Amino acid sequence: QVQLVESGGGLVQAGGSLRLSCAASGRTFSRYTVGWFRQALGKERELVAADSWIGGRTYYAGSVKGRFTISRDNAKNTVYLQMNSLKPEDTAVYYCAASSTIVVPTPTQSYDYWGQGTQVTVSS
């Protein structure tokens with residue numbers, strides 16, 4: 001099955017940027033919809049952004065629209081989350097997840113494969 005490994009987290013000041021990467025195994029990654037989730041301390045996990053394997057179909061949570069961008073490089077089996085203008089409320093563990101069945105991303109769908117997460121901390 002698909003295995004996912006996140007990287008790129010760290011500590012940044014408010015207003016700074018980070019680029020998260022999610023490396024996937026397999027040779028059919030282009031046919032998977034990928035989502036980025038985050039879970040802040042004491043809060044439920046939420047979908048931040050998702051990219052369907054169908055071109056042009058993406059989802060962004062309202063709190064990150066205009067600041068975060070999801071993209072992928074199928075040749076490298078890697079999905080990215082570019083995070084700009086970071087705020088302290090973006091502090092969370094960020095997870096990538098993949099689905100072979102989701103076509104149009106929505107906030108409450110279930111994903112089949114999950115990474116272990118990477119910590120993002122934004123200081124004031």
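Definitions and cut-offs
Residues numbered from 1 in each chain as written. Predicted model: local features only at pLDDT ≥ 70, side-chain atom pairs only at ≥ 80, totals over all residues. Heavy atoms only, no water. Helix = DSSP H or I, 4+ residues; strand = E, 2+ residues; numbered from the N terminus. Rg over C-alpha atoms; globule rule 2.2 N^0.38 Å. Lys, Arg positive; Asp, Glu negative; His and termini not counted. Charge placed at Lys NZ, Arg CZ, Asp CG, Glu CD. Disulfide = S-S within 2.5 Å. Phe/Tyr/Trp six-rings, centres within 6.5 Å; stacked < 30°, edge-to-face > 60°. Buried < 20%, exposed > 50% of the residue type's maximum accessible area, 1.4 Å probe, protein only. Salt bridge = Lys/Arg side-chain N within 4 Å of Asp/Glu carboxyl O. Core = buried A, V, L, I, M, F, W, Y, C linked by side-chain atoms within 4.5 Å.

*Asks:* Can you help me understand the overall build of the chain in this one?
*Replies:* Of regular secondary structure, the chain possesses 0 helices and 11 strands. Listed N to C, the secondary structure of the chain is β-β-β-β-β-β-β-β-β-β-β in terms of helices and strands. The globule rule puts the C-alpha radius of gyration for 124 residues at 14 Å, and the 13 Å found for the chain is close to it. Counting only C-alpha atoms and orienting by the principal axes, one finds that the chain spans roughly 40 × 25 × 25 Å. The chain carries 12 positive and 8 negative side-chain charges, and their two centres are separated by 6 Å.

*Asks:* Help me understand the state of the cysteines in this model?
*Replies:* When the sulfur atoms of two cysteines share a covalent bond, that bond is a disulfide. On inspection of all chains with the given rule, the structure shows 1 disulfide. At a sulfur-sulfur separation of 2.0 Å, the disulfide partner of Cys 22 is Cys 96. Classification of the bridge connecting Cys 22 and Cys 96 rests on its S-S torsion, roughly 65 degrees, and on that basis the disulfide is right-handed. With Cys 22 in strand S3 (residues 18-24) and Cys 96 in strand S9 (residues 92-99), this residue pair connects regions lying 74 residues apart in the sequence.

*Asks:* Got a minute to help me understand the packing of aromatic side chains in this structure?
*Replies:* Any aromatic ring pair is given by two values, namely how distant the centres are and how the planes are angled relative to each other. All told, the structure shown has 4 aromatic pairs when counted by the stated rule. Note on Tyr 32 and Tyr 113: the rings are 6.1 Å apart at their centroids and 65 degrees apart in plane angle, and the pair reads as edge-to-face. Of this pair, Tyr 32 sits in the loop between S3 and strand S4 (33-39) while Tyr 113 sits in strand S10 (residues 113-114), and the two are 81 residues apart along the sequence. Under the relative-accessibility criterion, Tyr 32 is labelled buried at 13%. The interplanar angle of 45 degrees and the centroid separation of 4.7 Å between the aromatic rings of Phe 37 and Trp 114 together place this pair among those described as tilted. Remark: Trp 114 occurs in strand S10 and Phe 37 occurs in strand S4; sequence separation between them is 77 residues. A relative accessible area of 30% places Trp 114 in the partly exposed class.

*Asks:* Would you take a moment to explain the pattern of salt bridges for this structure?
*Replies:* One side chain can pair with another of opposite charge once the charged atoms of both are near each other. Per the stated rule, a full pass over the model turns up 4 salt bridges. Arg 38 is the partner of Asp 90 in a salt bridge, and the nearest nitrogen-oxygen pair spans 2.9 Å. Pair noted here: Asp 90 is in the loop between strand S8 (78-83) and S9 and Arg 38 is in strand S4, with a separation of 52 residues, a long-range link. Per residue, the accessibility class of Asp 90 equals that of Arg 38, and both read buried. One salt bridge in this structure joins Arg 72 and Asp 51, with 2.8 Å as the shortest N-O distance. With Arg 72 in strand S7 (residues 68-73) and Asp 51 in strand S5 (residues 46-51), this pair connects stretches of sequence that are 21 residues apart. For the residue pair Arg 72 and Asp 51, the accessibility class agrees, reading buried in each case. Overlapping salt bridges, with partners in common, bring together Arg 38, Glu 46, Arg 67 and Asp 90 in one network.

*Asks:* Looking at this structure, how should I read the nonpolar core?
*Replies:* It is characteristic of soluble globular proteins that their nonpolar side chains tend to be buried jointly. In this structure, Leu 4, Trp 36, Phe 68, Leu 81, Met 83 and Tyr 94 are the most contacted members of the largest nonpolar core, which totals 38 residues. Those elements giving two or more residues to this core turn out to be S3, S4, S5, strand S6 (58-60), S7, S8, S9 and strand S11 (118-123). For this core, the element with the highest residue contribution is S9, accounting for 6 residues.

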